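Summary of the model geometry
The lines below spell out each chain.
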Amino acid sequence: MNDGLTTMALGEARRVAAATYKVCRLDGALLPLGDEMHLAAWRGYAAEAGAQGVFPVLCERLPQFWFPVRPGIAATDDYRAALYRGVPRDSLTDAPGLELVHPDELRLVIHTGPAGAVPVLLPRGREDFLTLFFALSCRHEPGLVPDSVGAAMIIGFNNWDRIRSYRRTWEDSAPPGAYWSDEFRCLTARRECYQDRLLLVSDGPYSAVPAEIMGLSEADWRRTSIQLRTVHECAHMLTYRLLQPSAKSLLDEFIADMLAIVAVGGRFRPRWLLQFWGLDSPASGLAGSRLAYYAPQADEAEQRRLAEWVVCLARDVETLFEMYGTGWPGQLAVVNALLGPSADSA
């Protein structure tokens, strides 16, 4: 690829890609990705929610919605019985339910894009986002989450409703002498048969950046923030499924923000990315920034080096988009340029 881009920032991106991803190229022929096995269940939840509401449907179906966020709750007998053994709620003695401030305003949408169809949960307000974040990804244990973090990709979500549904179907056609315990072992040998992936997206300002800094009204910035987060997390889903990362990396976060900005802003806007990462003011500290959250073990000097890398990489990416365009083929080309040199590189 004779693009004239030989900066250290681009080279560092490719080094990180080689160390992080099992596959270092997105194959456009594979996109959009097909539905994963759990999509049928979530489409069913969304259909039921049209008449009953999202929160009641999920409370009925999923044990993750049977318990409040509380320190130590994951060690209780009822919690372990429900979440690890699939014991039904009416057999538990202490399952008072998940508590939301705005339960009637919880939304569930099925978002479609290059990563395929993805279930997205959209709570109302920061408090409900944090409650669901702790419940779905932290075993109902409360913790500290920076204001700049407003979305999460939930992976490895054990869906006992799918297991129960499978069991009912299996029992209707099981041959004489067959045992559910044997079938259960076969089922759980394949994670895609019982584990789901979904996105949790808050409705607050993206990266905690105020609306006035973006030059938008509060309502417009709220809508834009939801769009940015959804595309950002779907980009993570895409890299997770196709590139198979071995660990989280700054590059993966950069790619996700880059694609979100192009999709929502119509072009790549380096200023947006630097504002979102807390790097728009050289004099400001990095404490509390997304970069500090992504690299918590880095000392101050290393965080400064990483900040310089992100700033330089944003400039390179702006040039790459000028070369390739901002349509999906151009976005794919830019991602692949970050992952590694193409076959026709000089």
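Above this text is the structure in question.
Thresholds applied
Residues numbered from 1 in each chain as written. Predicted model: local features only at pLDDT ≥ 70, side-chain atom pairs only at ≥ 80, totals over all residues. Heavy atoms only, no water. Helix = DSSP H or I, 4+ residues; strand = E, 2+ residues; numbered from the N terminus. Rg over C-alpha atoms; globule rule 2.2 N^0.38 Å. Buried < 20%, exposed > 50% of the residue type's maximum accessible area, 1.4 Å probe, protein only. Contact = heavy atoms within 4.5 Å. Areas by Shrake-Rupley, 256 points an atom, 1.4 Å probe, with all protein chains shown as cover. Lys, Arg positive; Asp, Glu negative; His and termini not counted. Charge placed at Lys NZ, Arg CZ, Asp CG, Glu CD. Salt bridge = Lys/Arg side-chain N within 4 Å of Asp/Glu carboxyl O. Axes fitted to C-alpha atoms, helices over the stretch in contact; angles between N-to-C directions. Parallel < 35°, antiparallel > 145°, perpendicular 65-115°, else oblique. Left-handed = near helix turned anticlockwise from the far one by under 90°. Nonpolar A, V, L, I, M, F, W, Y, C, P; charged D, E, K, R; others polar. Pairing = 2+ DSSP bridges. Core = buried A, V, L, I, M, F, W, Y, C linked by side-chain atoms within 4.5 Å. Phe/Tyr/Trp six-rings, centres within 6.5 Å; stacked < 30°, edge-to-face > 60°.

Some remarks on the overall build of the chain
Counting its secondary structure elements, the chain contains 14 helices and four strands. On C-alpha atoms alone, the chain measures out to a radius of gyration of 22 Å, which is about the 20 Å that the 2.2 N^0.38 rule sets for 346 residues. By residue count, 50% of the 346 residues in the chain fall in the buried class. Here the contacts in the chain between residues at least 6 apart in sequence split such that 68% fall between residues at least 24 apart. Accessible surface, the chain: about 16,600 Å² in total, of which carbon and sulfur atoms supply 52%. When the 34 basic and 42 acidic side-chain charges of the chain are each reduced to a single mean position, those positions are 2 Å apart.

Some details on the pattern of salt bridges
Once their charged atoms are close, side chains differing in charge can pair, the charge on each being opposite to the other. Across all of its chains, the model carries 16 salt bridges by this definition. With a shortest N-O distance of 2.3 Å, Arg185 and Asp182 are connected by a salt bridge. Here Arg185 and its partner Asp182 are both found in helix α7 (residues 180-188), three residues apart, which amounts to about one turn of the helix. The class of Asp182 is partly exposed, set by a relative accessible area of 35%.

Details of the environment of Ala295
Tracing the backbone through its elements, the reader meets Ala295 in the loop between α12 (290-294) and α13 (300-324). Taking the C-alpha atoms as reference points, Ala295 and Gly53, separated by 242 residues in sequence, lie 39 Å from one another.

Remarks on helix α4 (residues 77-85)
The set of residues buried in α4 consists of Asp78, Tyr79, Ala81, Ala82 and Leu83. In this fold, the buried residues of α4 make contact with α6 (160-173). Just downstream of α4, Gly86 is the residue with a positive phi angle, here 75°.

Description of the packing of helix α2 (residues 39-52) against helix α3 (residues 54-61)
One can describe the packing of α2 onto α3 by two numbers: an axis separation of 7 Å at closest approach and a directional angle of 130°. Considered as vectors, α2 and α3 are oriented oblique to each other. Pair α2 / α3 crosses with right-handed handedness. Of α3, the residues touching α2 (which contributes Trp42, Tyr45, Glu48, Ala49 and Gln52) are Val54, Pro56, Val57, Leu58, Glu60 and Arg61. Class assignment of the residues belonging to the contact of α2 with α3 gives a composition of seven nonpolar, one polar and three charged.

With respect to the sheet that holds strand β2 (residues 116-122)
Read from one edge of the open sheet, four strands run β1-β2-β4-β3, paired in mixed fashion. Looking at strand neighbours, the two that pair on one side only are β1 (107-113) and β3 (151-158), the edges of this open sheet. In this sheet, adjacent strand axes meet at a mean angle of 35° when their direction is disregarded. One ladder, built from six bridges, connects β3 with strand β4 (residues 195-201); its direction is antiparallel. When the bridges of β4 are listed, Ala151 appears paired with Val201. Across the sheet, helix α5 (residues 126-137) lies against β2, β3 and β4, angled at about 35° from β3, the strand it touches most.

Quick look at the nonpolar core
Note that soluble globular proteins tend to have their nonpolar side chains buried in a common cluster. If you look at the biggest cluster of nonpolar residues, it comprises 66 residues, and the most contacted ones within it are Phe254, Met258 and Phe276. Apart from residues lying up to four places away in sequence, Phe276 is in contact with Tyr206, Ser207, Val209, Met214, Trp221, Leu228, Asp257, Ile261 and Arg290. Membership of the second largest hydrophobic core comes to 29 residues, among which are Leu121, Phe129, Ala152 and Ile154.

Notes on the packing of helix α9 (residues 218-242) against helix α10 (residues 250-265)
Interhelical geometry of α9 versus α10 gives an angle of 135° and a closest axis separation of 8 Å. Between α9 and α10, the angle falls in the class oblique. Handedness of the α9/α10 crossing: right-handed. Contact residues: Thr224, Gln227, Leu228, Val231, His232, Ala235, His236 and Thr239 in α9; Asp252, Glu253, Ala256, Asp257, Leu259, Ala260, Ile261, Ala263 and Val264 in α10. When its residues are assigned to classes, the contact of α9 with α10 shows nine nonpolar, five polar and three charged.

Topic: the packing of aromatic side chains
Inspection of the entire model under this criterion finds 17 aromatic pairs. Measuring from ring centre to ring centre gives 6.0 Å for Phe129 and Phe133, while their planes differ by 35°; the resulting arrangement is tilted. Here the residue Phe129 and the residue Phe133 both occupy positions in helix α5, the gap between them amounting to four residues, near one helical turn. Relative accessible area serves as the criterion here: at 0%, Phe129 is assigned to the buried category. Between the aromatic rings of Trp170 and Trp180, the centroid separation amounts to 5.7 Å while the plane-to-plane angle is 55°, which identifies the pairing as tilted.

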